[in-house]
Each structure stands twice: as C-alpha cells, then as structure tokens.
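One letter stands for each residue in the lines below.
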Amino acid sequence: MQGKQAKPEFEFIALMASLMSSVALTIDALLPALPDIGAYLKVVNTNDNQLLITMIFLGLGFGQLIFGPLSDSFGRKPVVYVGFMLFIIASIICVTTQNFEMMIAGRVLQGVGLSSPRTMAITIIRDRYSGDYMAKIVSIVVMVFILIPVIAPAMGQFLLNFYHWKAIFYVNLVIGILVMIWFAKRQPETLKTENKIPFTWRLFIDGTREFMKYKRAVAYTLVSGFITGSFMVYISTSQQIFEQQYDMAELFPYIFASLAISIGLATFLNSQLVVKYGMFKIAYTAMIAFVLISIAYVALFWSGNNPSVAVLIGFCSIQFFSIGFLFGNLRALAMQPLGHIAGIGAAINGFLSTVMAVPIANYVGSFVNDSVLPLFIGFTIFGILSLFIFVALKRKTLLVKS
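Parameters and conventions
- Residues numbered from 1 in each chain as written.
- Predicted model: local features only at pLDDT ≥ 70, side-chain atom pairs only at ≥ 80, totals over all residues.
- Heavy atoms only, no water.
- Helix = DSSP H or I, 4+ residues; strand = E, 2+ residues; numbered from the N terminus.
- Polar contact = N/O pair within 3.5 Å; in protein donor to acceptor, adjacent residues only side chain to side chain.
- Buried < 20%, exposed > 50% of the residue type's maximum accessible area, 1.4 Å probe, protein only.
- Salt bridge = Lys/Arg side-chain N within 4 Å of Asp/Glu carboxyl O.
- Expected span 1.5 Å × (residues − 1).
- Bend = angle between axes of the 7 residues up to and from the residue.
- Contact = heavy atoms within 4.5 Å.
- Core = buried A, V, L, I, M, F, W, Y, C linked by side-chain atoms within 4.5 Å.
- Axes fitted to C-alpha atoms, helices over the stretch in contact; angles between N-to-C directions.
- Left-handed = near helix turned anticlockwise from the far one by under 90°.
- Nonpolar A, V, L, I, M, F, W, Y, C, P; charged D, E, K, R; others polar.
- 1 Å grid on protein atoms, 1.4 Å probe; cavity = no way out; pocket = protein on both sides within 12 Å on 5 of 7 lines; lining within 4 Å.
- Points joined across faces, edges and corners; volume = space filled by probe spheres on them.
- Phe/Tyr/Trp six-rings, centres within 6.5 Å; stacked < 30°, edge-to-face > 60°.

J.: Looking at this structure, I do not really get the environment of T97. What am I missing?
T.: Relative to the elements of secondary structure, T97 occurs in the loop between α4 (76–96) and α5 (100–128). A distance of 3.1 Å separates a polar side-chain atom of T97 from the backbone nitrogen of N99.

Here it is, written out as structure tokens:
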C-alpha cells in the first residue's frame, strides 16, 4: 500500500500514534512530580531535576541507532518487543532506587527502550507510504503524539495528589504493556522477506555512509536537532518557569496542556494542507515565523524581566504553532530519499537530531533560573541557524531547476 492514492486506516494511525505516545506520556506525566522526586532523592540543585527529562532523550537517541539497523534485518515487530522489555526493566529501576544517579540511569534506559516503538512507528509508516502523502500520515500521527501533553501533566498531578510519584511510573508501565499487546495482535510485519538485510556489524557503518550520501536528509536532520533542542529547553524548564517564576503550581498542568493544543492544532492543519502545498513550502514558511516570533520576544523583553503570564502564554502559543508545522514535515523530508534504508535511515535521523538536542537543552536550560529570556534566546539562535539551512536548500533547488 504505497503512494499518494493509499487510504490510511484509522486503526493503523491510532496504533502508530500510540507507539509514539508512550514516549510523550513517560516524559510529560512526570513534570509535576519533579520537585517531589528531587526532594525524595535529596537533590541539592533544583536545576538538576531537568536531567530527569533531558536524559531520557539521550537514551532515545542512542536506542534509535541500535534498533533501526536491527529492524532492517530481523523485522519491525521483534524490535518493538525488545524495546518494551527494556522499558519495563528501566521502570522497575526508577521506582526502586533511592539514588539520583541511578534514577538518571533508569531514565536513560527508559529512553533506549522507548526509542524502539518511536522509531518503528516512523519506519512502518515509511514502509507503507511515500511522498507528501507520507507527510500527511506522519502529521496525523505526530498530532496525536503531541496532544498527549494535554492530558499527561494533569494525569501526573492527579496521581501525585492522591497517591505517590511512583504511581506515575506504574501507570505508564500498564499503558505501555496494553499498547504492546495491541501491537502484537493487530499490526502485521511490514518488512518484506526479500527486503531484509542480512545482519552484520557493518550494517551500522554502511547504513551511515548511505545516509550521508543524501545531503538533504542530513540537512533536515540538523534542522530537526536545532528545533528539537530549543523546544526541549521548554519541556525541561516549564515546571520551573510556571511553578517557581510565576508561582502557578496548581495551574501548571492546564497551562502546559493549553500550549500543547497549539502544537496539535498546527499538526492537524498541516495534515490537511501538506498534500496541496508540499512539505518543503510549509516547513520553510513555518521556519520564518519561528525566527520572527523569537526575535520579537527577545527585542521586547531584553531586560530579562518576565512579562505577564498572559503575554508569555501568547508568545509561546504562536511559537509552538509554528513548531507544529515543523516536526512532522522535517522528519518526512529527511526520510523521503531513504525508503531503501527506512530502518537505519529513521534511526540515524533520530539519533543525530536527539544527540544534538540534549546538550542544547541542558546548556540553555541551565540559564533559565529567574527569567524566561534564555529560552527565547535559544529559540532565536537555533531558529536562525535552521533558517540558513532552509535558504541554502532552496537556493540549491532553484539552481538545479535552472
């Protein structure tokens, strides 16, 4: 079922979204509990609590590099099963440890495990679809994935209020197991036998060399890293910003949810528009908007004094609306020339963008102490770098056409 004429099945989209959403739920549901976990583990510097969020992305990055090539040899489904088993082990580590470093190790391992269903969701979509229609499917799946933050922090806060922060891990574990069972029962293997690549350790080297041949895939991967990294700063510091800087702890889950809706709306609109206008044109326009919004905030609030919460939410809503048009399209643009190595292609794309994003998030996030300004400075710097890459790609396309 390939190409633009294929009609997506509702269950297929829902299942792929559920595979990816396991990642978002594991990250965002924990946000309200960061101070409690930090206190339980005797964390001295509250900025270190951000590591409970950012380090799971490190695991996601490295895990994709492992599971992508393996899926090209052994199939998509076995790799998903292995990933979920690692996630179960990691969750047990997180709820039983009393050591902060071991908790971080558990979160990294959770990321490694969840990288499997996350990567395989994109790979399975690429197995079945291509072109702008693939971008449409990815956008719908990413829309559901991004809407998880609408409910995840509220769910985490509910469990925190009535139970204990460990209950968040238990609930995520149960949901993950249910998704794995659904996947096992309903999703056929999409890697055809004739397309399997015999496993050798050279798969990693050869796959990377093949990936690097496609300069556009590399370029869009770099942009993904810049945008993901700057957005990850918000994810890891949002609890700090709204609970400490604005003293709005009780409203934090609802603020976080409202901003997630902005991204979800954009990804929904993208799914409706991408086939008509093309993923490059939409992503390029969104990139320009992303940069202009960032510059406007920095120019208006250069003093470092935080604006009213309504103004901040307004800026974030518009900014995240532009991000909603970037996430799915950037992944689809990078994957477009990689159909023949979809598994390792998705893996390298995810690995490079995530490994770029983690140090960006940790470094910029360390400055978000008593002002939101560093967040938008990060948006500005990495937005401009991304826009330069888009302009270079567009100019190269025009030269080829002429």
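J.: What am I meant to see in unusual backbone geometry here?
T.: Trans is the common state for peptide bonds, and a negative phi is the common state for residues other than glycine. Non-glycine residue K42 carries a positive phi angle of around 60°. Topologically, K42 is positioned in the loop between α2 (34–40) and α3 (51–74). Looking at K42, the relative accessible area reads 70%, which means it is exposed. The backbone phi angle of D247 is positive, close to 55°, even though this residue is not glycine. Within the secondary structure, D247 is located in the loop between α9 (215–245) and α10 (252–277). Residue D247 is classed as exposed on the basis of its relative accessible area of 66%.

J.: Honestly, the pattern of salt bridges in this entry has me stumped. Any pointers?
T.: Note that side chains of opposite charge can pair when their charged atoms are close. For the coordinates displayed, the defined rule picks out 4 salt bridges. In this structure, E11 engages R186 in a salt bridge whose closest nitrogen and oxygen atoms are separated by 2.9 Å. Placement of the pair is E11 in helix α1 (residues 10–28) and R186 in helix α7 (residues 166–186), with a sequence separation of 175 residues. For E11, a relative accessible area of 29% translates into the label partly exposed. Linking D127 and R76 is a salt bridge whose minimum nitrogen-to-oxygen distance equals 2.9 Å. Pair noted here: D127 is in helix α5 and R76 is in helix α4, with a separation of 51 residues, a long-range link.

J.: Where do I start with α9 in this structure?
T.: In an α-helix there are 3.6 residues to a turn, and that puts residues three or four apart on one side. The end-to-end C-alpha separation of α9 is 42 Å, in line with the 45 Å expected for 31 residues at 1.5 Å each. If you look at α9, its biggest bend is around 55°, right at T237. Judged by how many residues are buried, α9 sits mostly within the fold: 26 of 31 residues are covered. Positive backbone phi, approximately 55°, marks D247, located one or two places after α9.

J.: I tried to follow the side chain of N349 on my own but got confused; where do I start?
T.: Within the element layout of this structure, N349 appears in helix α14 (residues 342–365). Separated by 2.8 Å, the side chains of N349 and T221 make a polar contact. In this structure the side chain of N349 is engaged in a polar contact, spanning 2.5 Å, whose partner is the side chain of R331. When residues no more than four places from it in sequence are discounted, the contact partners of N349 are F211, T221, R331 and A334.

J.: I tried to follow the nonpolar core on my own but got confused; where do I start?
T.: One recurring pattern in soluble globular proteins is that nonpolar side chains are buried together. Of all hydrophobic cores here, the largest spans 135 residues; its most connected members are M16, I125, Y234, M287, L312, F320 and F376. For this core, the leading source of residues is helix α6 (residues 131–162), giving 14 residues.

J.: I'm lost on the environment of W182 in this one. Help?
T.: Tracing the sequence through the fold places W182 in helix α7. Sequence-wise, W182 and V309 are 127 residues apart; in three dimensions their C-alpha atoms are separated by 41 Å. Those residues within four positions of W182 in sequence are excluded, and the remaining contacts are E11, A14, L15, S18 and Q187. A distance of 3.0 Å separates a polar atom in the side chain of W182 from a polar atom in the side chain of E11.

J.: Is there a simple way to explain the packing of α10 against helix α12 (residues 309–324) in this structure?
T.: Two numbers describe a pair of packed helices, the interaxial angle and the distance between the axes. Interaxial distance between α10 and α12 falls to 7 Å at its minimum, and their mutual angle equals 35°. Where α10 crosses over α12, the two elements pack in a sense that is right-handed. Residues I255, L259, S262, I263, L265, A266, T267 and L269 of α10 lie in contact with α12, whose contacting residues are I313, C316, S317, F320, F321 and G324. Considering only residue class, the contact of α10 with α12 consists of 10 nonpolar, 4 polar and no charged.

J.: In this structure, what is going on with empty space enclosed by the protein? I would like to understand it.
T.: What the rule picks out here adds up to 2 cavities of 30 Å³ or more. Approximately 580 Å³ is the volume attributed to the largest cavity. Looking at the lining of the largest cavity, the elements with two or more residues in it are α1, α3, α5, α6, α9, α10, α13 (327–335) and α14. Top element by residues in the lining of the largest cavity is α9. It accounts for 6 residues. Its residues assigned to classes, the lining of the largest cavity comprises 22 nonpolar, 8 polar and 3 charged. Size it by volume and the second largest cavity reaches roughly 40 Å³.

J.: Would you mind showing me how to read the packing of aromatic side chains here?
T.: We describe a pair of aromatic rings using the distance from one ring centre to the other and the angle between the two ring planes. Scanning the entire structure with this criterion turns up 30 aromatic pairs. Summarising the aromatic geometry, the rings of F231 and F327 are spaced 5.6 Å apart at their centres and angled 70° between planes, so their arrangement reads as edge-to-face. Here F327 lies in helix α13 and F231 lies in helix α9, a separation of 96 residues in the sequence. Measuring from ring centre to ring centre gives 6.2 Å for F242 and Y246, while their planes differ by 35°; the resulting arrangement is tilted. Classification of F242 by relative accessible area gives buried; the value is 1%. Note on Y246: relative accessible area 15%, which makes it buried.

Bear in mind that shape data such as this cannot, by itself, settle questions of function.
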